[in-house]
Structures are given as C-alpha cells and as structure tokens.
Amino acid sequence: MDDNPKGRVTRDGIRIHDPADFDGMRRAGRLAAEILDALGPHVFPGQSTGALDDLIRAMIEDAGAISATIGYRGYRHASCISVNHVVCHGIPGAKLLKDGDILNIDVTVIVDGWFGDTSRMYVAGTPSRKAVRLIDVTHDALMEGIAHVRPGQTFGDIGAAIQRLVERERMSVVRDFCGHGLGRVFHAPPNVLHYGRPGTGARLEEGMFFTIEPMVNLGRPETKVLADEWTAVTRDKSLSAQFEHSVGVTATGCEIFTLSPAGSFHPTWPRD
C-alpha cells in the first residue's frame, strides 16, 4: 500500500507531495535564487528600490516565468523590498538607498505552475557593526530552524530553535508574520511560526513543502502596518532583517530549494 499517495492532505491541512514534485520546486527555487544572485551588483547607494524591482521583473520575464506577486491582492510589483526598520512587504518605489542601508529583497516566481519563494539581505555601501551582527544572527536563525526539518520533528521544534538562538543574542523574533506552505499555490497550510515550544504543532512528514523566513529585530518584536496596507515596520524603529528559504521534507532531513547557485546568500560573507 502506498503510504504517500499523490494529493494526500494531513489532518492539519498540509499537503503531502510526491517525490516527483521535488523537481518542480527545484526549478522554481533555483530561478528565484538566480535572480537574487544577479541583483547583488545593482545594490548600491543612490540606487532606487523601484529600479531594483524593474530589474527583477525583466529577469522573470526573460526566463519565461511569472511573478507571483504582481496582481496578488492588488499588489503591482515583482518584489518586496524592505529597508532598515521595514520588517517585510516594503513597496519598491523612488526611494534612493543610502550608504549603510540594509535591505531585504523578497521574490516569488512561478515556473511551470510551481512557486519558488526566497528572500535575503543586501547592504548598500558599508554597513554598521550592529547591522552586520543583526544580519549574521538572522541568517544563523534561519539555518538553525532548517537543521530541525526532518520527519518526526514538529513545527514547534523549528520555531523554538529559532527563538532560542535569537533571544540568546538579545534580539527579538517578530510574531506577527510567519512562514507558510507552498507548492502549486503561493500560500497554504501550515503557518510556520518562528517561535514556540518544542514538541508542539503538526509533526513533519516526508513530502511537505514550506518556507522558513524569520524576521529578527534589534529592538522589540512589535510591528505595525502603514497606511498603504502592505508595509510592516518595527514599532520602535529598530533595524530588522530577514532571510527566507523554501524547503521540502525528505526521508532523512530536508532539501533547500532556494540555495544560491553563486554562493552569495549572505551579503557580507565571501562566496563559496
């Protein structure tokens, strides 16, 4: 009897994908990562976030793919670009980057019906020491969460691991936004919290696809959404950072679909 039938959904509403579905996620995730790789040289003081979004839109079109965000709930851009104290969902526009600005760029593409979703941090010019430390902790928190992705673990194990690492560094995990399931849809169960208690939440099974995307603040965790109904900022105006990977649970652990082909996922580390 097949223990992993196509289209099976757990009692928590989480879809279990076939082994063949991993290939679709690999192709979508790789394109999203390649686009973010190509952006690096274009992030500099004086550059506008709108120009970066134009580049992303062109790269998606040139690849024959589709932007998942253009038209999503009325959104008109191919990316979200969140600068300094913007936590997530920053809207690209005429704003010019300044020396020392840190920014998260979030891109989701659709390739043959599969969604590739990833984000990473960039630096315009020379970052402050506290900004570099924030970026390092946020990156480490993502990878610590991913280290707990394997069959038999729970989503609470992932969140608790992230929370422990961040709070040990005297920073805070944003509670108002979370990761999510994906595959042939943009957002689906489960909600992947970046905090929590070990052993709680749904148990991971082979074939689950989801994002892990911790948002970490130098100050307090509280956020607020601006009048544009998209942009989320830290209430205390402290710096915020985020990294995001799309992953799939395998028989023995997990596969990261959005690894950087150029080895440039972390903005201040040497390339592999």
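My aim in this report is to walk through the structure given alongside it, one point at a time. (Residues numbered from 1 in each chain as written. Predicted model: local features only at pLDDT ≥ 70, side-chain atom pairs only at ≥ 80, totals over all residues. Heavy atoms only, no water.)

## Some thoughts on the packing of aromatic side chains
With the rule as written, the count across this model stands at nine aromatic pairs. Plain terms: the ring middles of Phe115 and Phe186 are 5.7 Å apart, the flat faces sit at 20 degrees to each other, and that makes the pair stacked. Linking Phe115 in strand β5 (residues 114–123) with Phe186 in the loop between β7 (179–181) and β8 (188–192), this pair joins segments that are 71 residues apart in sequence. Judged by relative accessible area, which is 11%, Phe186 ranks as buried. With centroids separated by 5.0 Å and ring planes inclined at 65 degrees, the aromatic side chains of Phe155 and Phe210 adopt a geometry described as edge-to-face. With a gap of 55 residues between them, Phe155 in helix α4 (residues 155–168) and Phe210 in strand β9 (residues 209–212) connect regions that are remote in the sequence. Each member of the pair Phe155 and Phe210 is classed as buried. Among the aromatic residues, those joined into a cluster by ring pairs are Phe22, Trp114, Phe209 and Phe257. Here the guanidinium or amino end of Arg175 rests over the ring plane of Tyr195, the centre of that ring lying 4.9 Å away. (Phe/Tyr/Trp six-rings, centres within 6.5 Å; stacked < 30°, edge-to-face > 60°. Helix = DSSP H or I, 4+ residues; strand = E, 2+ residues; numbered from the N terminus. Buried < 20%, exposed > 50% of the residue type's maximum accessible area, 1.4 Å probe, protein only. Lys NZ or Arg CZ within 6 Å of the ring centre and 35° of its normal.)

## Here's the deal with the side chain of Ser246
By the secondary structure assignment, Ser246 is in strand β14 (residues 245–249). The class for Ser246 is buried, based on a relative accessible area of 0%. Among the polar contacts listed, one links the side chain of Ser246 to the backbone oxygen of Asp117, at a separation of 2.6 Å. (Polar contact = N/O pair within 3.5 Å; in protein donor to acceptor, adjacent residues only side chain to side chain.)

## A closer look at the sheet that holds strand β3 (residues 86–88)
Working definition: the strands of a sheet are paired by backbone hydrogen bonds and lie parallel or antiparallel to each other. In spatial order, the strands read β3-β12-β11; together these three strands make up an open sheet with antiparallel pairing. Bordering the open sheet on either side are β3 and β11 (223–225), each of which pairs with just one other strand. Adjacent strand axes in the sheet meet at a mean angle of 40 degrees, parallel and antiparallel pairs treated alike. Of the pairings in the sheet, the one linking β3 to strand β12 (residues 232–234) comprises two bridges and is antiparallel in character. When the bridges of β12 are listed, Val86 appears paired with Val233. (Pairing = 2+ DSSP bridges. Axes fitted to C-alpha atoms, helices over the stretch in contact; angles between N-to-C directions.)

## What about the layout of surface pockets?
With a probe scaled to a water molecule rolled over the atoms, the places where space remains empty come into view. As a volume, the largest pocket reaches approximately 490 Å³. Tyr72, His89, His180, His187 and Glu213 are, among the 25 residues lining the largest pocket, the residues nearest its centre. Elements with a contribution of two residues or more to the lining of the largest pocket: β2 (80–83), β4 (102–111) and β7. Counting residues per element, the lining of the largest pocket draws most heavily on β4, at four residues. When its residues are assigned to classes, the lining of the largest pocket shows ten nonpolar, ten polar and five charged. (1 Å grid on protein atoms, 1.4 Å probe; cavity = no way out; pocket = protein on both sides within 12 Å on 5 of 7 lines; lining within 4 Å. Points joined across faces, edges and corners; volume = space filled by probe spheres on them. Nonpolar A, V, L, I, M, F, W, Y, C, P; charged D, E, K, R; others polar.)

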